[in-house]
Structure formats: C-alpha cells, structure tokens
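Geometric and topological summary
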Amino acid sequence: MDRARRWIKGALAVTAATALGVTALATTAQAADINVAKNAGFESDLSNWTCSAGTGSVVGSPVHGGAKALKGTPTAQDTAQCSQAVAVKPNSTYTLSSWVQGSYVYLGASGTGTTDVSTWTPGSSGWQQLSTTFTTGASTTSVTVYTHGWYGQSAYYADDVSVLGPDGGGGGGDPVVIPAVPAGLAAGTATSSSVDLSWNPVSGATGYNVYRDGSKVASVSGASATVTGLAAATSYSFQVSATNSAGESAKSAAVTARTATSGGGGGGTVPKHAVTGYWQNFNNGATVQKLRDVPSQYDIVAVSFADATSTPGQISFTLDPAVGYASAADFKADIAAKQAAGKSVILSVGGEKGSVSVNSDASATAFADSAYSLMQQYGFDGVDIDLENGLNSTYMSKALRQLSAKAGARLVLTMAPQTIDMQSTSGEYFKTALNVKDILTVVNMQYYNSGSMLGCDGKVYSQGSVDFLTALACIQLEGGLDPSQVGLGVPASTRGAGSGYVDPSVVNNALDCLTRGTGCGSFKPARTYPGLRGAMTWSTNWDATAGNAWSNSVGPKVHSLP
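A few words on the overall build of the protein. Broken down by element type, the protein carries eight helices and 31 strands. Over its C-alpha trace the protein gives a radius of gyration of 25 Å, about what one expects of a compact globule, namely 24 Å for 562 residues. The principal-axis extent of the C-alpha atoms belonging to the protein is close to 85 × 50 × 45 Å. The proportion of buried residues among the 562 residues of the protein is 54%. A sequence separation of at least 24 residues applies to 76% of the contacts in the protein between residues at least 6 apart.

Right, dumping it as structure tokens:
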C-alpha cells in the first residue's frame, strides 16, 4: 500500500550507544594522547570556535561539565554550525566526541585527508555522547571539527568536546586522566529478562563498563544501558565504572534490581522468538481462511481489523461473512483452539484505512474499555496498534495503560508502525512504544510501502534489501527498545504490498545478521541482538496464496534463533 512520506535531508549517522559484551580497554594512556581541541568545554566562551551567522552562544544552563556550554540556534536557512580547526599529526587516528542535547544534533570532522566523518542523534531531552573516529592523511596537519543542528529545528547544546589523539603541535587540553567514579546509578524498567540502568555522566569518560554481580557484562558509550539475558523473578546487583584511554575508574555503589515474573513487557504465552501474521477478516483476492487454517508456524495471529464507532476512541468488531464462519461461536472456538496450541490471537486496530482516534482522556478510556470488552467477548489475548493515519503518544499511552490494568500481565501488545514513524525517538509512535515498554510485547515495523530511509549509521537505504531491514532495525534496538520487542515486518508475497517485497531468504539473512552477525550486507551492526523477537508478515492469507512459502521458510528460522 503506497503512502505519502516525509523526508529529512542530510547524510546522518547514529552512534550505536550500547555494545553489550566485554570490550578490551587500554589500562594506560599512550604518552601522546591529548585532547587537541581548545576551549573544549566553552569555559572561555566562543574562543577558538567560529559559529555561522551569529547562531552560536554560550549558556550557563544546561551544561554537561563545568559552568558553560555551547548553544546553537538554527534558522530556516542555517544549521548553526560551530567549528574549530585543530592541529593534528599525519597518518594518525583520532577519536572525536562531544556531549550534546536537543533535536538533530550533528558532530563531524572535515579536511581529514582521508574519509571525512560525521555522526548525529535524532534528539533527546538529556545529555548524550556522540562519538566517531577519523584517520588523518599523509600530509594532513589540520582538521576542522564541527557541530551543528538542522534547518528550522529547535536550539541544540554541546559541551566537553574531545579530539583525542597524538599532539599535532598545537597543544591542547591536559593529558588524559582516569575518570571519576560514576554516581547516581539507578535501575529503571525491569522485564522478565532485562533491566534498564542509568547514571550521571562523568566528565572525561569515553565509555562505561557495566557489572552484574561483580562480573562485567557490557561496555557502553553513554550513561545508560539495558542488561539483557537475565532470569525471570531474580534479583541482581549492578555497578558501573567510567573508562577512557587512561584506564578505568573504581566501580560505583551497587544498586539491586529484580526482574519481572512474566514476559518482557507483556506477552502472555508468546515464545522468546515469535512469528506474527495478520489474518484478514475480509476478502481482497488473497486466499480466504478461517483461523484454524493458519499454519502452526505463526505464534501470534493478529485479526485484522477492529472498526471505529461514532464514539471517539471506541472500537468494535464484526465478522465479515466473506470469511465463511457460520457463527461467532465458531470463530471463538477457533481462537480457543489456537490458544490451546500455545498461540496468541489478538485484535489489530487500524490498518491503512483505519480511523480510530485516541486524542483525549475520554477517548483513551473509551478505547481501553471497548478493547477489553472485545477481549472478554471473543477471547482475544490483546491488541495490535496499526494506526497509519496518526497517533497521539500521550493519550494512546494512557489508553494502553488502562487496558493493561484491566487485562493483567498476560496482555499481548504489539505495534506495526510505518518506517517513517520509527526514524526518531521523538516520533509519536516511537514515544508510545517507549512509554509502554514495560507492557509491550513487540514492535513489528512495516519494512515495505516505504521508499528509502535512513539507517542507524546515517546512510540512506532502499527498501527491498537486507541492509534496509538491519540498518533500520538498529534504530529501534539502539533507541531504547529491548531486542525482544523488535520484529521485522515484511509482505508474504509480491501481491501483499505495493512495494518492498523481499524473498524469505533475505529475511532470514537479516535475522542472522542481527542475532549472529552473519549474513549481513554492507551494513553490519556494531553488536548482535540474540534476543530479537522475530518476524511478521502481511498476511497469512497472502502467504497461503503463495503456498505458505514465507512461513515455511521464515518460521523455522525464527524458531531456531539463539
């Protein structure tokens, strides 16, 4: 189904914020390693920095370290770039980093003599660290480092810029010293298999080590991490340390967190790795099925779709006679049979023509009440949010919270956003997913009817390739969702979507790439995600039309993931 798309221009890059696994770090600094950037913390206002068209200033709040930070204010014609030429040594590698805050903040280096680099963040309400590396050419003695926002966006902030590497003759900051011990370690959302951690950033730190019960389990670049692979209903002790090229700080004070007793967010009986399929409650030329005809490879069957009523937020459901059920009781019996076989059957809300609107407290309550009523009436395990015509994160989050309170811990909650909806954590769909992360089963983004999109490495990828699947999934995996809450949504056949169909072998390669680091295209994620939930298809009916080729291939692959 073709849909209108928005586009944000620019070649962007997202630094993968979390690299779970043990990372070897130098224990002593090389003698030549210094921060060659001058006035890196803007304590001397804009000395050594040049900002375009007067768009840069220095503020006393917010700051990451010290007393001052840079504020850049983009206009419709200017990105508010602030830059500095730093002295570098030829044929040398430097690590460029900065703490930033705001929407669409970029950090980069030009004139390197080799490959110029840049990285970016779509936005955050707090400080986060951007980092990249560059290597100088054989005759390069000066490189321009810069930071900027984006046209027409709100102001951004930057602080504690670092260009770490050999002294190029221009001097710079002090030699690198071991950072201080992190403070403020706190545990956040806990699922049955993961715990979210956060702490206060440490000035001079380029990374952090995360310890579980005294053993290092992760190395990350920012002041937060999600520790996965945990046992349900189990207490763990966590600590963090700060690192840079000089070494590692002592461990922080410990914090204890206990994992939840059941599926991570919601999940009912959903297996660790699951296949989701949409079942069509209508006849559009695909094979007409009853639920009993849906192959056993499908773990979650999303009945498509609920209907809107004249009451804002309220939904209803009516069986289409075209699917051949003699009665509602026959349909309910099929749902019960699927559940007895360990499957989940949920009700999908939305679709391309769906018009359910949840944009007030009253409509949020109406949604929750009506959805729960349908769950009781038909035996649905939960709901799928597939609203392709707009979503209000504030009120949809309230509606889903109310539904969860009614349905309990076994609620199965899935989402199927379009690709544009998950390009940034500031988008309404992404915000909703993060708002309800503790009750969310899986987000199966639609990697079709899309056109080209940005991957988490800042490159543009065209739909219909393994890179499109992996590089876009990376945004969700590094944007706050647990791997168990990420699935790959694709058409079951060439007739299942207007564009974006990929052969099942491509889906399987993408699953291997994300979970095992094999089968990748040109994009290879910085780490693997063995807990990835699985895959989704539109639809079981189009799959049947093609002889169930999709589920026969992708189903066994999903169920054999690590």
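After presenting the structure, the write-up continues.
Here we take up the state of the cysteines. Counted according to the given criterion, the structure contains three disulfides. With a sulfur-sulfur separation of 2.0 Å, Cys-513 is cross-linked through a disulfide to Cys-520. Classification of the bridge connecting Cys-513 and Cys-520 rests on its S-S torsion, roughly 100°, and on that basis the disulfide is right-handed. Take Cys-513: its relative accessible area is 0%, and that puts it in the buried class.

An order of E13-E14-E17 is seen for the three strands of this open sheet, with the pairing classed as antiparallel. The open sheet is flanked by strand E13 (186-190) and strand E17 (224-227), the only strands paired with a single partner. Geometrically, the sheet is characterised by an average inter-axis angle of 25° between neighbouring strands, direction not taken into account. The sheet contact formed by E13 and strand E14 (residues 195-198) spans three bridges and is antiparallel. The residue bridging Ala-186 from the neighbouring strand is Ser-198, located in E14.

Right, let's talk about the sheet that holds strand E3 (residues 50-51) for a bit. Within the open sheet, the five strands sit side by side as E3-E6-E11-E8-E9. Their pairing is antiparallel. The strands lining the two open edges of the sheet, one partner per strand, are E3 and strand E9 (117-121). Direction of pairing for strand E6 (residues 82-87) relative to strand E11 (residues 142-148): antiparallel, over a ladder of six bridges. Considered in E11, the bridge of Cys-82 is made with Thr-147.

Let us look at the packing of helix H5 (residues 466-478) against helix H6 (residues 504-516). Direction vectors running N to C along H5 and H6 enclose 40°, while the axes themselves pass 9 Å from each other. When the interaxial angle is binned, H5 and H6 end up oblique. Taken as a pair, H5 and H6 cross one another with a handedness that is right-handed. Seen from H5, the contacting residues are Val-466, Leu-469, Thr-470, Ala-473 and Leu-477; seen from H6, they are Val-506, Val-507, Asn-509, Ala-510, Cys-513 and Leu-514. Split into classes, the residues belonging to the contact of H5 with H6 amount to nine nonpolar, two polar and no charged.

Moving on to unusual backbone geometry. The amide bond that connects Ser-304 to the next residue, Phe-305, takes the cis arrangement and shows omega of 5°. Tracing the backbone through its elements, the reader meets Phe-305 in strand E22 (residues 300-308). One non-glycine residue, Asp-160, lies in positive phi territory at about 50°. Judged by relative accessible area, Asp-160 falls into the buried class, the value being 18%.

Take the nonpolar core next. Grouped together as the largest cluster of nonpolar side chains are 96 residues, with contacts concentrated most on Trp-279, Phe-331, Phe-367, Phe-380 and Ile-385. Sorting elements by how many residues they give to this core places H5 first, with nine residues. When near neighbours in sequence (up to four residues on either side) are disregarded, Phe-331 contacts Trp-279, Leu-291, Val-303, Phe-317, Leu-319, Tyr-325, Tyr-378 and Phe-380.

With that settled, consider the packing of H6 against helix H8 (residues 549-559). In contact at an axis separation of 9 Å, H6 and H8 are set at 15° when each is read in the N-to-C sense. Compared by their axis directions, H6 and H8 come out roughly parallel. The interaxial crossing formed by H6 with H8 has right-handed handedness. Touching Pro-504, Val-507, Asn-508, Leu-511, Asp-512 and Arg-516 of H6 are Ala-549, Trp-550, Ser-553, Val-554, Lys-557 and Val-558, all from H8. Within the contact of H6 with H8, the residues separate by chemical class into seven nonpolar, two polar and three charged.

Right, let's get into H5. Between the first and last C-alpha of H5 there are 18 Å, a value that for 13 residues agrees with the 18 Å anticipated at 1.5 Å per step. One or two residues past the end of H5 sits Gly-480, with phi positive at roughly 125°.

Conventions adopted
- Residues numbered from 1 in each chain as written.
- Predicted model: local features only at pLDDT ≥ 70, side-chain atom pairs only at ≥ 80, totals over all residues.
- Heavy atoms only, no water.
- Helix = DSSP H or I, 4+ residues; strand = E, 2+ residues; numbered from the N terminus.
- Rg over C-alpha atoms; globule rule 2.2 N^0.38 Å.
- Buried < 20%, exposed > 50% of the residue type's maximum accessible area, 1.4 Å probe, protein only.
- Contact = heavy atoms within 4.5 Å.
- Disulfide = S-S within 2.5 Å.
- Pairing = 2+ DSSP bridges.
- Axes fitted to C-alpha atoms, helices over the stretch in contact; angles between N-to-C directions.
- Parallel < 35°, antiparallel > 145°, perpendicular 65-115°, else oblique.
- Left-handed = near helix turned anticlockwise from the far one by under 90°.
- Nonpolar A, V, L, I, M, F, W, Y, C, P; charged D, E, K, R; others polar.
- Core = buried A, V, L, I, M, F, W, Y, C linked by side-chain atoms within 4.5 Å.
- Expected span 1.5 Å × (residues − 1).

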